[in-house]
Amino acid sequence: MSFSSWPKWLMLTALAIGILVPVLVGLGETIWAAFGILPALGRHTFSFSAWQQLFELPGLVTSLRLSLVSGFGATLVSLILALFGSAWVYNTSVKESFLSKVKPFVQAILVPILAAPHAAIAIGLAFLLAPSGWLARLFSPWLTAWELPPNLATVQDLWGLSLMLGLIIKELPFLWLVSLVALKQIDVSRQLTLAQSMGYSHTVAWCKIIVPQLYPLIRLPVFVVLVYALSTVDMAQMLGPNNPPTLALATMRWYNDTNVQLLLPASAASILLGILIAASVLLWEVAVRTAILTSKVMIRSGDRTGKYSIFTGVLTTALPITVILGLLSLLVLALWSITWRWSFPNALPTSWSYHYWLQLITHVPLALQHSLIVALMSSGLALTLAVAWLEVQDRFGGHLYKLTLWFIYLPLLVPQIAFLYGLKVGFLRLGLNGSMMTVMWAHLLFVFPYTMLSLVDSWRALDKRYLQVAASLGRSSWHCFWHIKISLLLRPLLLAWAIGIAVSISQYLPTLMIGAGRVESLTVEAVSLASGADRRLVGVYGLLQALVPLLAYSFALLLPRLVALKK
Amino acid sequence: MSLELRSLSATTEGINLFSPVDLAVAKGEVACVMGPSGVGKSTLLNAIGGHLSTHFGVTGDVLLNGQKVTHKPVAERQIGILFQDPLLFPHLTVGDNLAFGLSSNVIGAKNRRAQIEQALEQAQLQDFYHRNPATLSGGQQSRIALMRALLAQPQVLLLDEPFSKLDLDLRHTMREFLFAQAKLRLIPMLLATHDPAEANAANGPLVILKPA
């Protein structure tokens, strides 16, 4: 541990305090409370009474079942669709058709869904699928003979299907784009050509050759999706069943219950959720390894025919439908935001108005202001930290790469509800609760991982020789860093920043729990308004939620071009 | 099994990339395609194999045993290809790579294993079934890649400068091995190369590719 590498240790300490410590403190407090120690309630002794209480609470088993089914189901289906979508993009042998013209635009089409917060998509989907939703209005009364909204549970159904659909709509673009990026590291076209020349069809070759090489590269993002699906609260609130709800939502309700004695079983439930998630990740990995072994047997048999035509047919329809539903969810929000009156069963609003948007411009809501401030601060700080960490690693040795991965993924792999409550208590003790800075810090915990993830590959891919040439020409290392590294990496840096903005806008629980009602946000506002009757106002907030990240992305994509033009 | 090319050329936006090729290769013969870099040797092989990207079109015909296969999909043509890099699938062992290639005409786990072991013997890599491909040397990988392509029982084998990354001695050994396999399995081969020594040693029909 030489003194000259002090920046490295400084960075490590900064990251440890900034990221690791809050998560650990939060978890610690939650574990304490789960085992009976909550001084605020006068409980000082270690006991299992919280767990006893938890198992006596109604609906626990149903909640567990719901969480598992929707969590695994959504992750599995999104993964399969993403792999199928990637196979389609790389299928160069199909003759020109309408769909093949869409291929270059796939990323552009998926970005709005990717950028929109989970809550916005959930609200939009609810507005789309509800008995009085847009789909029902489009097909009534000429197809369905409905003059009034039917008494069907299309949203918040008891099996969690609409929750699964919402999750799939949001996670498919994420996994698809992550796969497409990862596939650039594999020589896909030549390997596929080889397999096809040996008689394998494109689909079979894809499954036997490409997928096994791709999966290890997307393993961690898949885990992130699985963890989110099991622990989401905002999506469960909009789309999941109400009674009994998924475990994560039930836990949040117990935390917020007027009966403060429920804080203890709520903490126990958080730990249970954490254990559930860890067990699920393990189970998933075991299932994957088993699948790999089974596939080896199938590969040895040399079977080349695809008996999968029904399967492929289902996927070919499911994929575009999922994407279209995602885009429609955003569109319906836009429609409602400019509606004055829209009675069932009209296909479009009966009268239009810009009223709510005008109100927005004259009285900029606090939610918008706060969301923007927190987003800009947290993404700016996250980007600075990420760049500093990467630069320090470059200059002082990168042996700590594996450690970095843990820092990056820890806040994403521990369920939010498991440590945010404990973190709130910790902040309360320090007198920090309810301030903008603390909320920004809480957002940073989640923004930093995504910023790092999106930056790391481009950073490491930068040809070191540019810097060596500059150094040999006598430039100082600061000059090299700024003028060469940063300007060459401008595009990935701006994209990482835009992703940070999107993640921050999307945060629900951190603002809710750490903000203590003093810091508002678009997402919290939208979710609480969505349970009310005015869909027009919800439309505005929902759309705003989606527009802010979209603007950030557009800025990130356009600025490098403007800079290039100026030169 | 014979390969015939009749006025075959690849086109992009209606214009030929190279002057049309006429060639006949009998079973067991090794034909060579030569030409300067960038003239389109790989594109020609892609056109024959059927794996041209959709930017390109094909004029002329490819005939296998007298049957036109010019517009058949790759998986149905039974035309094998070997690239410059061995491209052994990294997630499979050496033996499983060969098993992947082994034609589905060979039924039964025991039969299949026996054929794979035989192929390993021919390549002089007897105990390599469970080895990780990344641990093999360049020459060993090339041999396995060749055996994999041959185990698929193709009607024709195309080779796109397959030995250019090996050193001279190794290249010579691999070449002899290749010609021996061609005669043994009685399949026509088409070798794209810029090495005149290879063309000489092949002692078969020669095509010199010229720009259009």
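Because the structure is a prediction, the values reported are computed rather than measured.

## Overview of the overall build of chain B
Check the secondary structure of chain B and you find 7 helices and 10 strands. The globule rule puts the C-alpha radius of gyration for 212 residues at 17 Å, and the 17 Å found for chain B is close to it. Taken over the C-alpha atoms alone, chain B extends approximately 50 × 35 × 30 Å along its principal axes. Within chain B, buried positions represent 42% of all 212 residues. Counting contacts in chain B only where the partners sit at least 6 residues apart, residues at least 24 apart contribute 73% of the total.

## Notes on the domain arrangement of chain A
Residue and element names in this part refer to chain A. Here chain A is partitioned into domain 1 (1-47 + 356-567) and domain 2 (52-353). On a C-alpha basis, the centres of domain 1 and domain 2 stand 25 Å from each other. At the interface, 39 residues of domain 1 touch 40 residues of domain 2. Breaking the side of domain 1 that touches domain 2 down by element, the ones donating at least two residues are helix 1 (6-34), helix 15 (355-362), helix 17 (401-413), helix 18 (416-429), helix 22 (490-506), helix 24 (522-530) and helix 25 (535-566). Of all the elements, helix 25 adds the most residues to the side of domain 1 that touches domain 2, at 12 residues. Here the residues of the side of domain 1 that touches domain 2 sort into 29 nonpolar, 8 polar and 2 charged.

## Brief notes about the confidence of the model for chain B
Taken residue by residue, chain B gives an average pLDDT of 89. The fraction at 70 or more is 100%. At the level of chain-chain contacts, confidence expressed as ipTM amounts to 0.92, with global pTM at 0.90.

## So, the packing of helix 6 (residues 118-129) of chain A against helix 24 of chain A
All names here are of chain A. Contact geometry of helix 6 with helix 24 gives a least axis separation of 10 Å together with a crossing angle of 20°. If you check the angle between helix 6 and helix 24, you find them roughly parallel. Regarding helix 6 and helix 24, the two cross each other, and that crossing is left-handed. Residue-level contacts link A119, A120 and I123 of helix 6 to T523, A526, V527 and A530 of helix 24. Split by residue class, the contact of helix 6 with helix 24 holds 6 nonpolar, 1 polar and no charged.

The rules we used
Residues numbered from 1 in each chain as written. Chains lettered and ligands numbered in written order. Predicted model: local features only at pLDDT ≥ 70, side-chain atom pairs only at ≥ 80, totals over all residues. Helix = DSSP H or I, 4+ residues; strand = E, 2+ residues; numbered from the N terminus. Rg over C-alpha atoms; globule rule 2.2 N^0.38 Å. Buried ≥ 20, exposed ≤ 12 C-beta atoms within 10 Å, placed from the backbone. Contact = placed C-beta atoms within 7 Å. Domains from an automatic or database assignment. Nonpolar A, V, L, I, M, F, W, Y, C, P; charged D, E, K, R; others polar. pLDDT = per-residue confidence, 0-100. Axes fitted to C-alpha atoms, helices over the stretch in contact; angles between N-to-C directions. Parallel < 35°, antiparallel > 145°, perpendicular 65-115°, else oblique. Left-handed = near helix turned anticlockwise from the far one by under 90°.

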